[in-house]
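# Examining the three-dimensional arrangement
Take a look at the letters that make up each chain.
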Amino acid sequence: MKIAVLPGDGIGIEIVEEAIRVLGALDLSFETETALVGGAAYEAHGHPLPDATLKLAKEADAVLFGAVGDWKYDKLERSLRPEQAILGLRKNLGLFANFRPAICYEELVDASSLKPELIAGLDILIIRELTGDIYFGQPRGRRSAPDGHFPGAEEAFDTMRYSRPEIERIAHVAFQAARKRSKRVTSVDKANVLETFQFWKDVVTDVATEYPDVELDHMYVDNAAMQLVRAPKKFDVVVTGNMFGDILSDEAAMLTGSIGMLPSASLNASNQGLYEPSHGSAPDIAGKGIANPLATILSAAMMLRFSLNQPEAADRIESAVKHVLAQGLRTADIWSSGSKKVGTREMGDAVVAALSLSTIKKTTTG
Ligand code: IPM
Ligand code: MG
């Protein structure tokens, strides 16, 4: 098992370090190799995704990714900005299926800005298509407007597009995931306005005929944004396109109290995957040792389950995380009075310590 470790920028470095320590405490053997990505790679090699980093990622069974970006790169030309690294990895590795679970841990019900009764027990899985849509559609650019309200004016444009096979494969991922859960899928679109998303809806409906045991409903994205804060527990598996998924997954993350808790997995057709916390590089708190490492630690658990075929080890990590939350340990982002505020390292230490508890070993071997 080979893991490419790409910590990136900002808090990426300190949170990935904790995830690696947790993996190291599992008595599994894997090879890890670390490389620069994002702003750090730009500083050292003049590009956010150097060839050597991409090669390492391609050759690995899985990529453990921290976060990239810093405001200081906002003025660079687009192709050199840190975000291009993650987009380049998604595209080059064909990571079309992005899993973003939003689970509200019992202990963190009060950390959410929503009323406890709305989110207690919340367990949503957002499945976001990750290599198509307006993120990657061509053509795009700036030009003199050929028509429109102001012909000849300077304008910018992007292209929203999806092909049938692209929609079909993500729909299959969603229906199959739903089969392992409560057998319900909500497909989110904007079919009332956009041709691309009328097509999305039609194709998802076609694929649904192969899954008569799964209930499918459709929702417009504006309504989905509203329902997510009104009655989030009505959702189970949500499948949507790249841009809507970007937005809705941040919204869903906040339901759970902190984006600092949410892992993610991005998989290609051969289950090779990139695993990263759903949050960004948080340059404002980088290097202070206060960032929450749990999203990254939980991403490492997803990596064990999806790409490395070690489901028991994944269970052990997840149980250990629950255990430290139950102990009352909290990083600043999820802290509330009465709980014990800890830093990044202490949180990592606590997870490592919890891994060796007999109860946690037992839940996973039994
Ligand atoms: C995400 C991020 C990325 C995205 C950025 C950093 C390119 O917001 O993973 O959700 O828009 O996909
Ligand atoms: Mg995002």
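Residues numbered from 1 in each chain as written. Chains lettered and ligands numbered in written order. Predicted model: local features only at pLDDT ≥ 70, side-chain atom pairs only at ≥ 80, totals over all residues. Heavy atoms only, no water.

### With respect to empty space enclosed by the protein
Heads up, the condition is: Two kinds of site are reported from a 1 Å grid over the protein atoms alone, namely cavities, where a 1.4 Å probe fits but cannot get out, and pockets, open sets with protein on both sides within 12 Å along at least five of seven lines, and residues are called lining when an atom falls within 4 Å of a point. Grid points are joined across faces, edges and corners, and a volume is the space filled by probe spheres set on the points. Each residue is assigned to one class: nonpolar for Ala, Val, Leu, Ile, Met, Phe, Trp, Tyr, Cys and Pro, charged for Asp, Glu, Lys and Arg, and polar for all the others, Gly among them. Either an automatic procedure or a domain database provided the assignment from which the domain bounds are taken.
Evaluation of the coordinates by the stated rule reveals one cavity of 30 Å³ or more. There is about 30 Å³ of room inside the largest cavity. As for the largest cavity, its lining consists of Glu 107, Leu 108, Asp 110, Ala 111, Arg 330, Ile 334, Trp 335 and Ser 336. Among the residues forming the lining of the largest cavity, the class breakdown is four nonpolar, one polar and three charged. When residues of the lining of the largest cavity are sorted by domain, at least three fall in each of domain 1 (1-96 + 268-366) and domain 2 (98-263).

### Comments concerning helix H1 (residues 12-24)
Using the following cut-off: Secondary structure follows DSSP: runs of H or I at least 4 residues long count as helices, runs of E at least 2 residues long count as strands, and numbering of each begins at the N terminus. Expected helix span is given by 1.5 Å per residue-to-residue step, counting one fewer step than there are residues. In this scheme, a residue with accessible area under 20% of its type's maximum is buried, one over 50% is exposed, and one in between is partly exposed, where area comes from a 1.4 Å probe on protein chains only. Contact between two residues is taken to exist if any of their heavy atoms lie within 4.5 Å; hydrogens are not considered.
Between the first and last C-alpha of H1 there are 18 Å, a value that for 13 residues agrees with the 18 Å anticipated at 1.5 Å per step. Inspection of H1 places Gly 12, Glu 14, Ile 15, Val 16, Glu 18, Ala 19, Val 22 and Leu 23 among the buried residues, and these make up the whole buried set. In this structure, the buried residues of H1 make contact with strand E1 (2-8), strand E3 (62-67), strand E12 (273-277), helix H10 (294-306), helix H11 (311-326) and helix H12 (344-355).

### Concerning the nonpolar core
Most often, soluble globular proteins have nonpolar side chains that are buried together. Operational definition: What we call a nonpolar core is a set of buried Ala, Val, Leu, Ile, Met, Phe, Trp, Tyr and Cys residues that are connected through their side-chain atoms within 4.5 Å.
By size, the foremost hydrophobic cluster in this structure holds 88 residues, and its most contacted members are Leu 23, Phe 99, Ile 127 and Ile 317. A domain-level breakdown of this core finds at least three residues from each of domain 1 (1-96 + 268-366) and domain 2 (98-263). Not counting residues up to four positions away in its chain, the partners in contact with Phe 99 are Leu 125, Ile 126, Ile 127, Val 173, Ala 177, Pro 263, Ser 264, Ala 265, Leu 267, Met 302 and Phe 306. Within the second largest apolar cluster, 18 residues are counted, among which are Val 37, Leu 49, Ala 57 and Leu 95.

### Comments concerning the site of ligand 1
How we decide: One heavy atom suffices: a residue is near a molecule or strand as soon as one of its heavy atoms comes within 4 Å of it. Two N or O atoms form a polar contact when they lie within 3.5 Å of each other; inside protein one atom must be a possible hydrogen donor and the other a possible acceptor, and for residues adjacent in sequence the pair counts only when both atoms belong to side chains. Residue exposure ignores everything except the shown protein chains as possible cover, and the areas themselves are Shrake-Rupley values with a 1.4 Å probe.
Taken together, Glu 83, Arg 90, Arg 100, Arg 128, Tyr 135 and Asp 246 form the complete shell of residues around ligand 1. Within the contact set of ligand 1, an oxygen atom lies 2.5 Å away from a side-chain nitrogen or oxygen of Tyr 135. Here an oxygen atom of ligand 1 sits 2.9 Å away from a polar atom, N or O, in the side chain of Asp 246. In isolation ligand 1 offers 320 Å² of accessible surface; the protein chains occlude 74% of this area. Here the shell around ligand 1 is composed, by residue class, of one nonpolar, no polar and five charged.

### Quick look at helix H9 (residues 242-255)
Along an α-helix, residues three or four positions apart point the same way, because every turn accommodates 3.6 residues. Stated precisely, the cut-off is as follows: The arc in question is the one traced by the directions running from the helix axis out to the C-beta atoms.
With 14 residues, H9 extends 20 Å between its outermost C-alpha atoms, agreeing within 8% with the 20 Å of an ideal straight helix rising 1.5 Å per residue. The set of residues buried in H9 consists of Asn 242, Phe 244, Gly 245, Leu 248, Ser 249, Ala 252, Ala 253 and Leu 255. With its buried residues spanning 160 degrees around the axis, H9 presents them on a single face. Just beyond H9, the residue with positive phi is Gly 257, at close to 110 degrees.

### What to know about the sheet that holds E3
Here is the rule: Whether two strands pair depends on DSSP finding at least two bridges between them. Angles here are taken between N-to-C directions and fall from 0 to 180 degrees, while the axes themselves are lines fitted to C-alpha atoms, restricted in helices to the stretch in contact.
The mixed open sheet is built from ten strands, whose spatial order is E2-E1-E3-E12-E11-E4-E5-E10-E8-E9. For this open sheet the edge positions go to strand E2 (31-34) and strand E9 (215-220), each flanked by a neighbour on one side alone. For this sheet the average axis-to-axis angle between neighbouring strands, irrespective of direction, equals 20 degrees. Bridging between E1 and E2 involves four bridges; their strand directions are parallel.

### A few points about the side chain of Lys 190
Relative to the elements of secondary structure, Lys 190 occurs in the loop between strand E8 (184-189) and helix H7 (195-208). Given a relative accessible area of 17%, Lys 190 falls into the buried group. What Lys 190 contacts, discounting residues up to four positions off in sequence, is Phe 197, Tyr 220, Val 221, Asp 222 and Phe 244.

### Comments concerning the packing of aromatic side chains
Where we set the bar: Whether two aromatic rings pair depends on their centres lying within 6.5 Å, for rings of Phe, Tyr and Trp, where Trp uses its six-membered ring; planes under 30 degrees apart make the pair stacked, over 60 edge-to-face, and the rest tilted.
Within the structure shown, the criterion is met by seven aromatic pairs. Here Phe 99 and Phe 306 contribute two aromatic rings whose centre-to-centre distance is 5.2 Å and whose plane-to-plane angle is 40 degrees, an arrangement assigned as tilted. Highlighted residues: Phe 99 in strand E4 (residues 97-103) and Phe 306 in helix H10, separated in sequence by 207 residues. Exposure remark for Phe 99: the relative accessible area of 9% places this residue in the buried category. The class for Phe 306 is partly exposed, based on a relative accessible area of 28%. Judged by centre distance (4.9 Å) and plane angle (15 degrees), the ring pair of Phe 175 and Tyr 211 falls under stacked. Here Phe 175 is found in helix H6 (residues 164-179), whereas its partner Tyr 211 is found in the loop between H7 and E9, with 36 residues between them in sequence. The buried category is assigned to Phe 175, whose relative accessible area is 1%. Among the residues examined, Tyr 211 registers a relative accessible area of 4% and is labelled buried.

Shape descriptors only; they carry no functional weight alone.
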